[in-house]
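# Inside the fold
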Amino acid sequence: MTIVIIEDEVKTAKALGQLIFSIRPDAQILSYIQSVDGAVTYLSENDQPDLIFMDIQLADGLCFEIFKNVEVLSPVVFCTAFDDYAIEAFKSNGIDYILKPFSRESIAQAIKKAGELKNFFQRNKKALPDFDYLLTRSGEYTGKSSFLVFKNNKYMTVQTENIAYFFIKNETPTIMSFDKSEYQITQSLDEVHKLLSPNQFFRINRQYLVNFTAIRETEHYFSRKLIVKLTVPTEEKLLVGKDKATAFLNWLENR
């Protein structure tokens, strides 16, 4: 069985690969892919695998964009860190999913189902879900509405709509609100990213996760990078690397 894993977190992808090998030692993982663009390129230029494991939220957008740019004939097991309405949509269309964190049992069941449905998509293209519809519906996901924080010896909640950005300060994940108040949080930025609406927040770089509402302007910078200026100033320049620049501009345009 040939497999492609589309997952933006390298450690998660490798862990998934190890679980797959423990279940199917004969499996061949053809590629680990981290982005929508990378997946489109790979699937356009190579023979499609027997099975694809695909994270829903990738480094440069939602995975449904892949289906808008290339014909996917392989069975797909969707992976997600949150249990939202899209899961039932996938399941009702005969496509399996795995809820993170992965378990050996869930992966084994998905592989078994893929074996039973070999060549399913080639024979039954009408069974493919309406990805335009799912993409639109996913855009409606509002994400986590508030965060519990502890400050001045008391617990309080900060509404997500009042958060300008999340960032790393002195190695600690921190909230910066629009009124310039700071709150330390226990979740990593990776964890926070998966809790937020991908329509409202973008991971600028490893240090910053910004709210669209907080963005004042964006300019070209050296080496095909972008510099982002917010309504709530930051201590350092906010730079978007050239690998994310196109995805970021598309996000700004297509909200």
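What counts, and where the lines are drawn
- Residues numbered from 1 in each chain as written.
- Predicted model: local features only at pLDDT ≥ 70, side-chain atom pairs only at ≥ 80, totals over all residues.
- Heavy atoms only, no water.
- Salt bridge = Lys/Arg side-chain N within 4 Å of Asp/Glu carboxyl O.
- Helix = DSSP H or I, 4+ residues; strand = E, 2+ residues; numbered from the N terminus.
- Buried < 20%, exposed > 50% of the residue type's maximum accessible area, 1.4 Å probe, protein only.
- Core = buried A, V, L, I, M, F, W, Y, C linked by side-chain atoms within 4.5 Å.
- Contact = heavy atoms within 4.5 Å.
- Expected span 1.5 Å × (residues − 1).
- Phe/Tyr/Trp six-rings, centres within 6.5 Å; stacked < 30°, edge-to-face > 60°.
- Lys, Arg positive; Asp, Glu negative; His and termini not counted.
- Polar contact = N/O pair within 3.5 Å; in protein donor to acceptor, adjacent residues only side chain to side chain.
- Pairing = 2+ DSSP bridges.

Here the focus is the pattern of salt bridges. Scanning the entire structure with this criterion turns up eight salt bridges. With its nearest N and O atoms 3.7 Å apart, the salt bridge here joins Lys-194 to Glu-9. One end of the pair, Lys-194, is in helix H8 (residues 189-195); the other, Glu-9, is in the loop between strand E1 (2-6) and helix H1 (10-23), and 185 residues separate them in sequence. On the basis of relative accessibility, which here comes to 14%, the residue Lys-194 falls in the buried class. One connected set of salt bridges, linked through shared partners, spans Arg-216, Glu-217, Glu-219 and Lys-229.

Most of the time, phi is negative for any residue but glycine, and the peptide bond is trans. Located in the positive-phi region is Asn-152, a residue other than glycine, with phi close to 55°. With respect to the helices, strands and loops of the structure, Asn-152 is situated in the loop between strand E8 (146-151) and strand E9 (154-159). Residue class for Asn-152 comes out exposed when judged on its relative accessible area of 62%. Unusually for a residue other than glycine, Asn-170 sits at a positive phi of about 50°. Looking at the element boundaries, Asn-170 is found in the loop between strand E10 (163-169) and strand E11 (172-177).

Time to look at the nonpolar core. Within the largest apolar cluster, 21 residues are counted, with the highest numbers of intra-cluster contacts made by Ile-6, Ile-52, Met-54, Cys-63, Ile-66, Val-72 and Phe-78. For this core, the secondary structure elements donating two or more residues are E1, helix H2 (36-45), strand E3 (51-55), helix H3 (64-69) and strand E6 (76-80). The element contributing the most residues to this core is H2, with five residues. Those residues in contact with Cys-63, other than ones at most four positions away along the chain, are Val-36, Met-54, Asp-55, Ile-56, Leu-58 and Phe-78. Counting residues in hydrophobic clusters, the runner-up holds 20 residues, among them Met-176, Leu-238, Ala-247 and Trp-251.

We now examine helix H9 (residues 242-253). With twelve residues, H9 ought to run about 16 Å at 1.5 Å a step, and its terminal C-alpha atoms sit 17 Å apart, in line with that. Among all positions of H9, only Lys-244, Ala-245, Ala-247, Phe-248 and Trp-251 are buried. Among the structural elements, strand E13 (201-203), strand E14 (208-211), strand E15 (215-220), strand E16 (226-230) and strand E17 (238-240) are those in contact with the buried residues of H9.

Before going further, it helps to spend a moment on the packing of aromatic side chains. Following the criterion strictly, the structure yields 13 aromatic pairs and no others. Centroid distance Tyr-165 to Phe-167: 5.3 Å. Interplanar angle 70°. Geometry classified as edge-to-face. Accessibility classification places Tyr-165 together with Phe-167 in one group, the buried group. Ring centres 5.2 Å apart and planes at 45° place the aromatic pair Phe-202 and Trp-251 in the tilted group. One end of the pair, Phe-202, is in strand E13; the other, Trp-251, is in helix H9, with 49 residues separating them in the sequence. With relative accessibility at 7%, the residue Phe-202 sits in the buried group.

Here we come to the side chain of Asp-60. For Asp-60, the position within the fold is in the loop between strand E4 (57-58) and strand E5 (61-62). Salt bridges are absent for the buried Asp-60, whose nearest opposite-charge side chain, Lys-244, sits at 9.1 Å. A polar contact of 2.7 Å, which involves the side chain of Asp-60, links it to the backbone nitrogen of Val-36. Separated by 3.2 Å, the side chain of Asp-60 and the backbone nitrogen of Asp-37 make a polar contact.

The next thing to look at is the pairing of E10. On any regular strand, side chains alternate: one points to one face of the sheet, the next to the other face. Within E10, five of the seven residues are buried, leaving the element largely enclosed by the surrounding structure. Here E10 runs beside E11; their pairing, made up of six bridges, is antiparallel. When the bridges of E11 are listed, Ile-163 appears paired with Ser-177. Counting the residues between successive antiparallel strands, the hairpin from E10 to E11 contains two residues, one of them, Asn-170, with a positive phi of roughly 50°. Both E10 and E14 contribute to a ladder of three bridges, which runs antiparallel. Counted as the bridge partner of Phe-167 is Tyr-208 from E14.

Bridge count between E1 and strand E2 (residues 28-33): five bridges; the pairing is parallel. Paired with Ile-3 across the strands is Ile-29, a residue of E2.

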